[in-house]
Amino acid sequence: MRAAAVALVSALSACGGGAYLGAPLPSACERTLGACEYALHLRAWADRGPAPDPALHAYVSRIANRIARVSTLARTPPVVIAGEGSAAVIGDTIVFGREQLVRLGSEAELAAVLAHEIVHIEGGHAGLNRSIAVDDATMRELEGSADERAVMLLERAGYPGSAMVRALERLRDDPFDARHPRREERLRRLALLVDPRDRADDGRARFLTAIAGGPVGLDLGGRVGDAFVFPRAGLTVPMPAVEHSDVGSDFLVGYADGYDERYATYALGPQAAAELVARLSERRVLHLSIGDVVVGRAPGPAPDGSSLVRLVETMRRELWHLYEPSEVAVIARAREAVLLVVDGGDARSAIEGWAKRVRAPTADERSRVRSPRIVLVPAPRAGTVGELASTCIDPAAARDLDDPARRLEAGDAIKCTDRVSATGGAAR
Amino acid sequence: MKVEARPIAHVTIKGAGSELPEVKSAVHARAGDTLDRSLLQADVRRLWALGIASQIDVSVTDSDEGPDVELALIAPPRIEQVVGGGAHAELAMLRALEGALYDPERVQRIAALAERRLQANGYLRARVGARADVACGRATVTLDVHTGPRFRISALVVEGSALPVTATTFEGDLGRVNVIGGMLELSGFVYELSRWIDRHHGKGWLEAKASDPDVRYDEARGSVSVHTTIAPGPRYRFGALPIDGGDARGRAIAEAIVAPLRATPYDLVAFQAVAARMRVQLREVGQYANTIATTDTVKRAVEITIQLRRAAP
């Protein structure tokens, strides 16, 4: 009977009858699993990406178009501005992390990152691992060659090739990433290609205008005292008494009883939350002052089924960050839902007690977790960004947001913030 | 070398990256050092390790002041063109080398990757070669590609399975991989086969195993057939499922829930569902349950002891 049920689910999905995040499976899910996975990832970003910034998106897309026109691509790849992380290619889409984007120093540096990703699309590098295993050494060669070809694309598009060097210097380096060459090695090879006398316009003024007024961080929330504040959901979640806690830009986890009990809170997109609620067992609704809270037991590992069914279910669990049955509470709001998860101990009663302590944030809490905004301040004199950062309200943030060694003339814009960040979690 | 064992007069580094600090620090030979072949060889090794030169020329010329040492770093040429090979999309990764520095090892590595990609797409006999012509600091890479026929699966037979096998049981990608008419991805098939054996174990065929797949190629037809046999072995049953500890109420709850499973064919998923239901009901009377499973290969039974305990006050 069970086998028959699985086969039925499989057949429905193959005919497009399956759904993911509030809509039928995309048509890509009738072609290949790889294409399907990419399309589902993009849908997940749409469910919970950063606040839309149409002007910035249009600007980044224009630069991508300028590079794509000098590449072998027949059309400009779509660009999605996501939250954390650097830039990556998902299928034929470039996903650019906003946090990293605002740390760049010029339009040419933005073009350099886009050119590197466009080379990955030209070469069909994205998703290689879906069809064949690619060892780290070969991946490093693909990454290194993407840097080098990107210099050529930059020069063809009228940007200085040296922007590739500057962009690499600005992006955060991950020393544990075995699939990229070490940054020093990349820079050394680029030095052989780049003409330091190239004085092509780097478009710094246009870039700064495009990012001015936007947040430095992702506005996902932050820790205030023992609580985590979710500004988009308008909720503050006080952490129960725990022995140890970990905080990130969008989550807070506490441990008690020698790590046997775990309390986690984080946010989900509204559609991801709705799908979780539909799959909760022992589901019940608590009518609280903050509104209705759905409580229940999260499903365990993804069930068996066709490769498509397994892919979709696995991706759901990755979005939920739930791989084992846990007691959860879901507080849904229009823009995002907040999740409370309890594992270990008397989780069933603990989850209800915890949900009852969730409240609306105070004005002070909202203010403290709001990311500082980027403001442009004219340099009072010539000097480096490092020297001129003292002109800004938060000199440390100004030095982190731009290359401290960059030389500015009097009157050039300094990338400053409108206030000092109040929490480590909101604006890193 | 006559000049050896004399103090070096000058050390000069020129060519690619000679201004880079790491290049300067890689060269340890200094004016005044005694000229020694091993000293220069060590410098060349350090420079080579930086990966920025395709050739390093060392010259020593004698002068009145002593030997002058010159280390010349020749930059790799830039790849101007990648030609040949046809229009296969799998070769795009080689064409995307245009504009990059020519590095023979890199080109061979990526050619091997393109070859594997073609093979994964059914061109099981594909071979991809690449050679370069270098002139005036520019390289032209010429591809030599032989794809051979595109093999498709004509038969995929799994015999002996105790669980019903469907057309998509071992599917690696939607209608494209490891299905009849699609491409063979052998490692993926072996993985799915091992999952299928796991499914047997979960349904009570704890001794189930599969033979190595027998893969046969028909070169003329461009087809491939795969045969494998599953030996499910005996089906195990649940044992007596004894209940220990707890109080009378807890034991009554556990007994009512697990009793229907006794001596029935072992089914892991069914037991997990029963255990979850049991835990919920036990919680309501302040008790918890742990389970300890052992396998009796003589009686061919899975014995699961259910240990109850009271919740801490």
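Note that the structure is predicted; figures quoted are calculated from it, not measured.

Colleague: Explain the overall build of chain B to me, please; I cannot follow it from the model alone.
Modeller: If you tally the helices and strands in chain B, you get seven helices and 14 strands. Over its C-alpha trace chain B gives a radius of gyration of 35 Å, far above what one expects of a compact globule, namely 20 Å for 313 residues. Looking at chain B residue by residue over its 313 residues, the buried ones come to 42%. In chain B, the proportion of contacts linking residues at least 24 apart, taken out of those at least 6 apart, comes to 57%. Surface exposure of chain B reaches about 15800 Å², of which carbon and sulfur atoms provide 52%.

Colleague: Before we go on, may I ask you to explain the nonpolar core in this structure?
Modeller: Buried together is how nonpolar side chains tend to be arranged in soluble globular proteins. Membership of the largest hydrophobic core comes to 65 residues, with the highest contact counts inside it found for Val60(A), Ile67(A), Leu110(A) and Leu47(B). If you tally residues by element for this core, the top one is helix H5 (residues 107-122) of chain A, at ten residues. Leave out the neighbours within four places in its chain, and Leu47(B) touches Val23(B), Ala26(B), Val27(B), Ile56(B), Leu71(B) and Leu73(B). Core analysis: the second largest hydrophobic core is formed by 32 residues, Ala273(A), Leu276(A), Val330(A) and Val341(A) among them.

Colleague: I'm lost on the confidence of the model for chain B in this one. Help?
Modeller: In low-pLDDT segments, the atomic positions of the prediction should not be examined closely. Mean pLDDT over chain B works out to 91, with 98% of the residues at or above the 70 mark. Under the prediction, the complex receives an ipTM of 0.81, its pTM being 0.80.

Colleague: Honestly, the pairing of strand E9 (residues 244-247) of chain A in this entry has me stumped. Any pointers?
Modeller: Residue and element names in this part refer to chain A. In this structure, E9 lies alongside strand E10 (residues 251-256), joined through four bridges in antiparallel fashion. In the sheet register, Val247 faces E10, and the bridge partner there is Leu252. Taking the residues that link successive antiparallel strands as the turn, the E9-E10 hairpin has three residues.

Colleague: What exactly am I supposed to notice about the domain arrangement of chain B here?
Modeller: Accessible area lost during the coming together of the parts is what is often quoted as the interface size. Residues and elements named next belong to chain B. Examined at the domain level, chain B breaks down into domain 1 (3-74), domain 2 (78-146), domain 3 (152-231) and domain 4 (237-310). On the side of domain 3, four residues touch domain 2, which itself brings five residues to the contact. Approximately 450 Å² of surface area, both sides summed, lies buried where domain 2 meets domain 3, with 52% of it carried by carbon and sulfur atoms. Scanning the region where domain 2 abuts domain 3 turns up one salt bridge. Among the salt bridges present, the one from Glu219 reaches Arg125, with a minimum N-O distance of 2.5 Å. Here the residues of the side of domain 2 that touches domain 3 sort into two nonpolar, two polar and one charged.

Colleague: Sorry if this is basic, but what is going on with the state of the cysteines here?
Modeller: Two cysteines, two sulfur atoms, one covalent bond between them: this is a disulfide. All names here are of chain A. Overall, the coordinates contain two disulfides over all chains when judged by the stated rule. In this model, Cys29 is linked to Cys36 through a disulfide, with the two sulfur atoms separated by 2.0 Å. On the sign convention where negative is left-handed, the bridge of Cys29 and Cys36, at about 75° about the S-S bond, is right-handed. Comparing Cys29 with Cys36 shows no difference in burial state: the two are buried. Paired by a disulfide, Cys392 and Cys416 hold their sulfur atoms 1.9 Å apart. Taking the torsion about the sulfur-sulfur bond, which here is approximately -55°, the covalent link between Cys392 and Cys416 counts as left-handed.

Colleague: Looking at this model, I keep getting lost on the packing of H5(A) against helix H8 (residues 162-170) of chain A. Mind explaining?
Modeller: All names here are of chain A. Between H5 and H8, the least distance of the axes is 8 Å, while the angle of their chain directions is 85°. Of the possible angle classes, the one that applies to H5 and H8 is roughly perpendicular. Note on element contacts: H8 touches H5 through Ala163, Met164, Arg166, Ala167 and Arg170, opposite Ala108, Glu109, Ala112, Val113 and His116. The residue inventory of the contact of H5 with H8, partitioned by class, reads six nonpolar, one polar and three charged.

Colleague: Mind showing me how you'd approach the pattern of salt bridges here?
Modeller: Should their charged atoms come close, side chains of opposite charge can pair. Evaluation of the coordinates by the stated rule reveals 53 salt bridges over all chains. Here Asp92(A) ties to Arg75(A) by a salt bridge, and the two come within 2.7 Å at their closest N and O atoms. Separated by 17 residues along the polypeptide, Asp92(A) in the loop between strand E4 (87-90) and strand E5 (93-97) and Arg75(A) in the loop between helix H3 (54-68) and strand E3 (79-82) bring together distant segments of the chain. We classify Asp92(A) as partly exposed; its relative accessible area is 37%. With a shortest N-O distance of 2.7 Å, Arg262(B) and Glu255(B) are connected by a salt bridge. Residue class for Glu255(B) comes out partly exposed when judged on its relative accessible area of 33%. Salt bridges sharing common partners tie together Glu109(A), Arg166(A), Asp202(A), Arg204(A), Asp402(A), Asp403(A) and Arg406(A).

Colleague: Even after reading the chapter, I still don't get the interface of chain A and chain B, so can you show me in this structure?
Modeller: Contacts between chain A and chain B engage 45 residues on the former and 40 residues on the latter. Buried surface at the junction of chain A and chain B, both sides included, amounts to about 3700 Å², of which 54% is carbon and sulfur. The largest contributions to the chain A side of the interface with chain B come from Arg188(A), Arg189(A) and Leu192(A), which together make up 18% of the buried area. Seen at the junction of chain A and chain B, the total is eight salt bridges. Between Asp103(B) and Arg189(A) there is a salt bridge; the shortest N-O distance is 3.9 Å.

Procedures and definitions
- Residues numbered from 1 in each chain as written.
- Chains lettered and ligands numbered in written order.
- Predicted model: local features only at pLDDT ≥ 70, side-chain atom pairs only at ≥ 80, totals over all residues.
- Heavy atoms only, no water.
- Helix = DSSP H or I, 4+ residues; strand = E, 2+ residues; numbered from the N terminus.
- Rg over C-alpha atoms; globule rule 2.2 N^0.38 Å.
- Buried < 20%, exposed > 50% of the residue type's maximum accessible area, 1.4 Å probe, protein only.
- Contact = heavy atoms within 4.5 Å.
- Areas by Shrake-Rupley, 256 points an atom, 1.4 Å probe, with all protein chains shown as cover.
- Core = buried A, V, L, I, M, F, W, Y, C linked by side-chain atoms within 4.5 Å.
- pLDDT = per-residue confidence, 0-100.
- Pairing = 2+ DSSP bridges.
- Domains from an automatic or database assignment.
- Buried area = accessible area lost by both parts, 1.4 Å probe.
- Salt bridge = Lys/Arg side-chain N within 4 Å of Asp/Glu carboxyl O.
- Nonpolar A, V, L, I, M, F, W, Y, C, P; charged D, E, K, R; others polar.
- Disulfide = S-S within 2.5 Å.
- Axes fitted to C-alpha atoms, helices over the stretch in contact; angles between N-to-C directions.
- Parallel < 35°, antiparallel > 145°, perpendicular 65-115°, else oblique.

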